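Here's the letter readout for the chains.
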Amino acid sequence: MIAKHISVKYKIPELSVSSVVKTISAFLILALSISSCAKQPAFSGKISPRAVDGVIDLTLWDFEKDGPVQLNGGWMFYWKQLLKSADLKENQGHEIITTPGEWDDLVVNGQRIGAGGFATYRLKVLLPEALPNQLGLRIPSLAVQSAYELEINGKIINQIGKVGRDVTDSLLAKNHCIIPLPLNSNLFDIVLRVSNYHYSEGGLINPVTVGPLVRLQQEELDQANISWLLIGILGIIGFYHLGLFFIRRKDTSPLWFGIFSLILALRSTLVGAAYIYNITPADIQWLILKIDYLSFYLAIPFFVLYINRLFPVEFRTIILRLIIVISILFSLFVVIAPPILYTRSLLGFEIFTFISGLYTIFVIIFAVIRKREGSVLFLTALVLFFATFVNDVLTTHHVLNTGVYLFEGFIAFIFLQSYLLSRKFSNAFTTVEKQSLELTRLANVKDEFLANLSHELRTPLTAIYAYGEMFEHNDDPADMKEYGREIYSNSEKLISYIDDLMLLTRMESDIDMSSSETDIKEIIAENIDKLSKLANEKNISILNLAGSVPEIQANKKYLSKAIHAIIKNAVVYNKENGTVVIAAQNDNNMMKINVTDTGIGIAAGHLPLIFDRFYRVDSSDTYEVSGVGVGLFLAQKIIEMHGGTIGVKSELGRGSEFMVELPVK
Ligand code: ADP
């Protein structure tokens, strides 16, 4: 089975480089870890005896206190022989093989034997004088991955698949079992006949354990419960996310995550307690083995698709495609090739997964640096999972004695992913809610603007109409001049409104901002001149304190419009007999223009909004002043198009100060 390298429960890995690489790669592929999720009995501290020359001495082992023990060490090994207990002579020639471990590298008669073939294993187990309670033998599905026959004290106890002398005579099968041992003897003579023509590694690959039957069964039950819990959680999460996707198909991340979770749920039925293998007839186990491998090889592309949808900028599409193509090629190989070939592809795929995992970590760190939505949560989930993994490896090697938590870590990982996706979903709803509120607000603004606009256009038009009519019916030349002036100034107002409105519609697109050397002092003076009549009406004095300033690169027409809007506001929102002070100076290559007035001021609540399109402060003070709320909006846009900024300070009832900064060069 695929998960053999990380099986915490069944195998205490040797601390070799390859086992570390395999273990780390197993961590990265997530799915593989499920078989190791079962709780391991606490380490009693007593060192387990090892088999030497085919004998394991457990006479001093207290099963009740010290717990189950793995039958690891040197077993007798008869290559190319399928022997029965009765046929075995004490002095019969044999090899000694270290179990657990594949037989592939063993050298018999000067030759490496390789994965395919058949052999007999034998181990004598010496038990304590006072016989312990009923003992059992646990042979996990991971122990012998092909076919075996187990004989104890001359009696055939278990047969899995069909052990044969060649491929046509044998049948691959896996099973996960706990066998009660005979009660009447202090010595167990275990004879195990194994054949392998299907799997990339032959022999007794993972440990066989002997221990109190009740305890082994209890552990088995615990593991089964955990597996079912995991299958349930993954199944619900999987279907839930598929449901989410069908509601909102635009975002595919729940789809990929849903499929990934369902594949993991399927995988949980294949590893661990190996339920599916146990209930599958031997002649179709080859199919289950294919599904077993595919559930690993196909989980990876769905997981990377999911990460790519979460962090599309960081996860490069080309790498995504590469991972998908490679995974599909591996999967096709599993579909087409016989087991003896495709089981060999596992290490290659593990290395590929390891590299993909490193790339994924790199992507997530980048996403965190770039403050992508959900990236911190994703990293937290990964770190949590990794922490439980490190804890478990250290516990397995007895560096720590904290128990194993990979199952909890894995569940936390999956839950945090679900939380991340549901948060993404609810954020989308919140955005829609905010947008619809904003739309309602904008609709109100538009209505108000239209009402304002009709009023603002109608006032000068009515004046023009009235003076025109008087012009027609009055012949007094003294009045004519007065009428002409009124018609002229009202038409000017009208044209200025229409100019502003036209500029407003073109603002975002085709406005020509071509620039030339522009004299700010001149612009200020011209605008003071234009506004002097308006100022005189309220007896407002305008002070021009602009010093000698360099010319700047600007579009004179538009910049003048912006300055006009600011000075005009300082006049129209001023009080009778008020003052407007205009200053301009060059400070460190920044042209600073300040327009200060002693007018009505702006309440703090309105300040951030006065630069918005169509925004007007609605109060008794502003009621008299005509306007449509586009002056400051246009001024800000124009100044920003020149690379500058505009700001405001104001105190209600005391006056305001507008600060403009424009780059000189
Ligand atoms: P309008 O003057 O046409 O209403 P603006 O965009 O020029 O539109 O100004 C937006 C609002 O900001 C004004 O309605 C006014 O209430 C407020 N405002 C602007 N300048 C001043 C100022 N100098 N003093 C007080 N209020 C001001």
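What you are looking at is a predicted structure, and each value in this text was computed from that prediction instead of being measured.

### Quick look at the overall build of the protein chain
No. 1: Scanning the protein chain from terminus to terminus reveals 16 helices and 20 strands.
No. 2: Relative to the globule expectation of 26 Å for 665 residues, the C-alpha radius of gyration of the protein chain, 42 Å, shows a markedly less compact shape.
No. 3: Projected onto its principal axes, the C-alpha coordinates of the protein chain cover approximately 145 × 45 × 45 Å.
No. 4: Of the contacts made within the protein chain by residues no fewer than 6 positions apart, 74% connect residues no fewer than 24 positions apart.
No. 5: Counting only carbon and sulfur atoms, one obtains 60% of the accessible surface of the protein chain, whose full area is about 31,800 Å².
No. 6: When the 59 positive and 66 negative side-chain charges of the protein chain are each reduced to one mean point, those points stand 7 Å apart.

### Quick notes on the site of the ligand
No. 1: Lining the immediate environment of the ligand, one finds 20 residues, of which Asn 569, Tyr 573, Asp 597, Arg 616 and Leu 632 sit closest.
No. 2: Between the ligand and Asn 569 there is a distance of 2.8 Å, counted from an oxygen atom to a side-chain nitrogen or oxygen.
No. 3: The contact in question runs from an oxygen atom of the ligand to an N or O atom on the backbone of Val 617, over 3.4 Å.
No. 4: For the ligand, whose accessible area on its own is 530 Å², the fraction buried by protein is 96%.
No. 5: Residue classes in the shell around the ligand are distributed as 11 nonpolar, seven polar and two charged.

### Some points on the environment of Thr 518
No. 1: Within the element layout of this structure, Thr 518 appears in strand β14 (residues 516-518).
No. 2: Among the residues examined, Thr 518 registers a relative accessible area of 1% and is labelled buried.
No. 3: With 39 residues separating them in the primary sequence, Thr 518 and Lys 557 have C-alpha atoms 9.8 Å apart.
No. 4: Not counting residues up to four positions away in its chain, the partners in contact with Thr 518 are Ile 523, Glu 551, Ile 552, Ala 554 and Lys 556.
No. 5: Engagement of the side chain of Thr 518 in a polar contact is seen with the backbone oxygen of Ala 554, the distance being 3.0 Å.

### Thoughts on the pairing of strand β18 (residues 590-597)
No. 1: Going residue by residue along β18, you find Met 591, Ile 593, Val 595 and Asp 597 tucked away on one face and Met 590, Lys 592, Asn 594 and Thr 596 left uncovered on the opposite face.
No. 2: For strand β17 (residues 579-587) and β18, the ladder comprises eight bridges, and the chain directions are antiparallel. The partner of Gln 585 across the bridge, within β18, is Lys 592.
No. 3: Relative to strand β20 (residues 655-663), β18 runs antiparallel, the two being bridged by seven bridges. From the neighbouring strand, Lys 592 faces β20, where its bridge partner is Glu 661.

### Details of the packing of aromatic side chains
No. 1: With the rule as written, the count across this model stands at 33 aromatic pairs.
No. 2: Between Phe 349 and Phe 352, the ring centres sit 5.2 Å apart and the planes meet at 55°, which makes this aromatic pair tilted. Of this pair, Phe 349 and Phe 352 are both found in helix α10 (residues 345-369), three residues apart, which corresponds to roughly one turn of the helix. A single burial state applies to Phe 349 and to Phe 352, both of which are buried.
No. 3: Clustering of aromatic rings is evident, with ring pairs tying together Phe 257, Phe 260, Phe 303, Tyr 306, Phe 311, Phe 378, Phe 385, Phe 410 and Phe 413.
No. 4: Above the ring of Phe 425, the side-chain terminus of Arg 248 is found at 5.7 Å from the ring centroid.

### Observations concerning unusual backbone geometry
No. 1: For the peptide bond that leads from Thr 99 to Pro 100, omega is -5°, which places it in the cis range.
No. 2: You can see Pro 100 is positioned in the loop between β4 (95-99) and β5 (107-108).
No. 3: Look at Asn 588: it is not a glycine, yet its phi comes out positive at around 55°.
No. 4: Mapped onto the fold, Asn 588 is located in the loop between β17 and β18.

### Overview of the pattern of salt bridges
No. 1: This structure, assessed with the given rule, holds 19 salt bridges.
No. 2: One salt bridge in this structure joins Arg 372 and Glu 314, with 2.8 Å as the shortest N-O distance. One end of the pair, Arg 372, is in the loop between α10 and α11 (375-396); the other, Glu 314, is in the loop between α7 (299-310) and α8 (317-336), and 58 residues separate them in sequence.
No. 3: The exposure class assigned to Glu 314 is buried, which follows from its relative accessible area of 7%.
No. 4: Here the salt bridges share partners, and the residues they tie into one network are Arg 138, Arg 215 and Glu 219.

### So, the domain arrangement of the protein chain
No. 1: The domain architecture assigned to the protein chain consists of domain 1 (17-40 + 223-420), domain 2 (55-216), domain 3 (431-506) and domain 4 (516-663).
No. 2: Its C-alpha centre places domain 1 at a distance of 62 Å from the equivalent point of domain 4.

### Side note on the sheet that holds strand β2 (residues 69-70)
By way of backbone hydrogen bonds, the strands of a sheet pair with one another, either parallel or antiparallel.
No. 1: In spatial order, the strands read β2-β13-β8-β11; together these four strands make up an open sheet with antiparallel pairing. Strands at the two margins of the open sheet, each flanked by one partner only, are β2 and β11 (177-180).

### Focus: the packing of α7 against α8
No. 1: Axis separation between α7 and α8 bottoms out at 9 Å; the angle between their running directions is 165°. If you check the angle between α7 and α8, you find them roughly antiparallel. Crossing handedness for the pair α7 and α8: left-handed. Contacts between α7 and α8 involve Ile 300, Pro 301, Val 304, Leu 305 and Asn 308 on the former and, on the latter, Leu 320, Ile 323, Ile 324 and Ser 327.

### Some details on helix α15 (residues 556-572)
Because an α-helix packs 3.6 residues into every turn, residues spaced three or four apart end up facing the same way.
No. 1: Between its terminal C-alpha atoms α15 stretches 24 Å, which fits the 24 Å expected from 17 residues at 1.5 Å a residue.
No. 2: Where burial is concerned, most of α15 is hidden: 12 out of the 17 residues are buried.
No. 3: Turning to α15, its buried residues are Tyr 558, Leu 559, Ser 560, Ala 562, Ile 563, Ala 565, Ile 566, Ile 567, Asn 569, Ala 570, Val 571 and Val 572.
No. 4: Capping the start of α15 is the job of one residue whose side-chain oxygen sits 3.2 Å from the backbone nitrogen of Lys 557: Asn 555.

### Some points on the sheet that holds strand β19 (residues 645-651)
No. 1: Spatially, the five strands line up as an open sheet ordered β15-β17-β18-β20-β19, and their pairing is mixed. Of all the strands in the sheet, the pair left with one neighbour each is β15 (541-544) and β19. Strand after strand, the sheet turns through a mean of 15° between neighbouring axes, direction not considered.
No. 2: Against the sheet, helix α14 (residues 520-537) touches β15, β17, β18 and β20, its axis set at about 170° to β15.
No. 3: Sheet strands in contact with helix α16 (residues 631-641) are β19 and β20, and its direction is about 25° off that of β20.

### A closer look at the pairing of β19
No. 1: Examined bridge by bridge, β19 and β20 share seven bridges and lie antiparallel to one another. By the bridge assignment for β20, Lys 649 is matched with Glu 657.
No. 2: Hairpin connection, β19 to β20: the antiparallel pair is bridged by three residues, and Gly 653 has positive phi, about 85°.

### Side note on the side chain of Ser 375
No. 1: Turning to its location among the elements, Ser 375 is positioned in helix α11.
No. 2: Every residue in contact with Ser 375, bar those within four places of it in the chain, is listed here: Phe 311, Ile 364, Ala 367 and Val 368.

### Topic: the nonpolar core
No. 1: If you look at the biggest cluster of nonpolar residues, it comprises 63 residues, and the most contacted ones within it are Tyr 306 and Phe 378.
No. 2: Mapped onto this core, the elements with two or more residues apiece are α3 (213-247), α4 (253-268), α6 (285-297), α7, α8, α10, α11 and α12 (406-473).
No. 3: Take this core: its biggest share by element is nine residues, from α7.
No. 4: Contact partners of Phe 378, with chain neighbours within four places excluded, come to Phe 303, Tyr 306, Ile 307, Leu 310, Phe 311, Ile 364, Gln 417 and Leu 420.
No. 5: Listed in part, the 54 residues of the second largest apolar core include Ile 511, Tyr 558, Leu 607 and Val 628.

The rules behind each value
- Residues numbered from 1 in each chain as written.
- Predicted model: local features only at pLDDT ≥ 70, side-chain atom pairs only at ≥ 80, totals over all residues.
- Heavy atoms only, no water.
- Helix = DSSP H or I, 4+ residues; strand = E, 2+ residues; numbered from the N terminus.
- Rg over C-alpha atoms; globule rule 2.2 N^0.38 Å.
- Contact = heavy atoms within 4.5 Å.
- Areas by Shrake-Rupley, 256 points an atom, 1.4 Å probe, with all protein chains shown as cover.
- Lys, Arg positive; Asp, Glu negative; His and termini not counted.
- Charge placed at Lys NZ, Arg CZ, Asp CG, Glu CD.
- Near = heavy atom within 4 Å.
- Polar contact = N/O pair within 3.5 Å; in protein donor to acceptor, adjacent residues only side chain to side chain.
- Nonpolar A, V, L, I, M, F, W, Y, C, P; charged D, E, K, R; others polar.
- Buried < 20%, exposed > 50% of the residue type's maximum accessible area, 1.4 Å probe, protein only.
- Pairing = 2+ DSSP bridges.
- Phe/Tyr/Trp six-rings, centres within 6.5 Å; stacked < 30°, edge-to-face > 60°.
- Lys NZ or Arg CZ within 6 Å of the ring centre and 35° of its normal.
- Salt bridge = Lys/Arg side-chain N within 4 Å of Asp/Glu carboxyl O.
- Domains from an automatic or database assignment.
- Axes fitted to C-alpha atoms, helices over the stretch in contact; angles between N-to-C directions.
- Parallel < 35°, antiparallel > 145°, perpendicular 65-115°, else oblique.
- Left-handed = near helix turned anticlockwise from the far one by under 90°.
- Expected span 1.5 Å × (residues − 1).
- Core = buried A, V, L, I, M, F, W, Y, C linked by side-chain atoms within 4.5 Å.

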